[in-house]
Amino acid sequence: MVFFGDDNFAAKKQETIELLQQIIDEKLNHREYSSQMSINAAFNGREIDEEFLELYQRAGGFGVSIGFES
């Protein structure tokens, strides 16, 4: 299992999408991983970003750590 310990993992969403696609293309998605990211990464405007979440899962992602701040 791999943990991406960067709370900015999906701050630049397009770059994250490219990384996830490369993980799939290189067949590295047999390893599970989790990461930190903002809850905002799960949304595209006001809608849930199903495409991003499915890509995250297809690339081996199984969990996300989300911080809550005041």
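Worth saying up front: this structure is predicted, and the values here are computed from it rather than measured.

Bringing helix 1 (residues 13-25) into the picture now. End to end, helix 1 covers 18 Å across 13 residues, agreeing with the expected 18 Å (1.5 Å per residue, within 8%). Among all positions in helix 1, only Lys13, Thr16, Leu20, Ile23 and Ile24 are buried. Along the axis of helix 1, the buried residues cluster in a sector spanning 100 degrees; they form a single face. Here the buried face of helix 1 lies against strand 2 (33-36), strand 3 (43-44) and helix 2 (50-58).

Further remarks concern the sheet that holds strand 5 (residues 61-65). Sheet architecture is open: three strands sit in the order 1-2-5, paired in parallel fashion. The open sheet has two edge strands with one neighbour each: strand 1 (2-4) and strand 5. Strand-to-strand twist in this sheet, taken as the mean axis angle between neighbours without regard to direction, amounts to 20 degrees. Where strand 2 meets strand 5, four bridges bridge the pair, whose relative direction is parallel. Within strand 5, the position partnered with Ser34 by the bridge is Gly63. Against the sheet, helix 2 touches strand 2 and strand 5, its axis set at about 115 degrees to strand 5.

All right, on to the side chain of Asp49 then. Positionally, Asp49 belongs in the loop between strand 4 (47-48) and helix 2. Looking at Asp49, the relative accessible area reads 12%, which means it is buried. Residues in contact with Asp49, not counting those within four places in the same chain, are Lys13, Ala41, Ala42, Phe43 and Asn44.

Rules of the game
- Residues numbered from 1 in each chain as written.
- Predicted model: local features only at pLDDT ≥ 70, side-chain atom pairs only at ≥ 80, totals over all residues.
- Heavy atoms only, no water.
- Helix = DSSP H or I, 4+ residues; strand = E, 2+ residues; numbered from the N terminus.
- Expected span 1.5 Å × (residues − 1).
- Buried < 20%, exposed > 50% of the residue type's maximum accessible area, 1.4 Å probe, protein only.
- Arc of directions from axis to C-beta.
- Contact = heavy atoms within 4.5 Å.
- Pairing = 2+ DSSP bridges.
- Axes fitted to C-alpha atoms, helices over the stretch in contact; angles between N-to-C directions.

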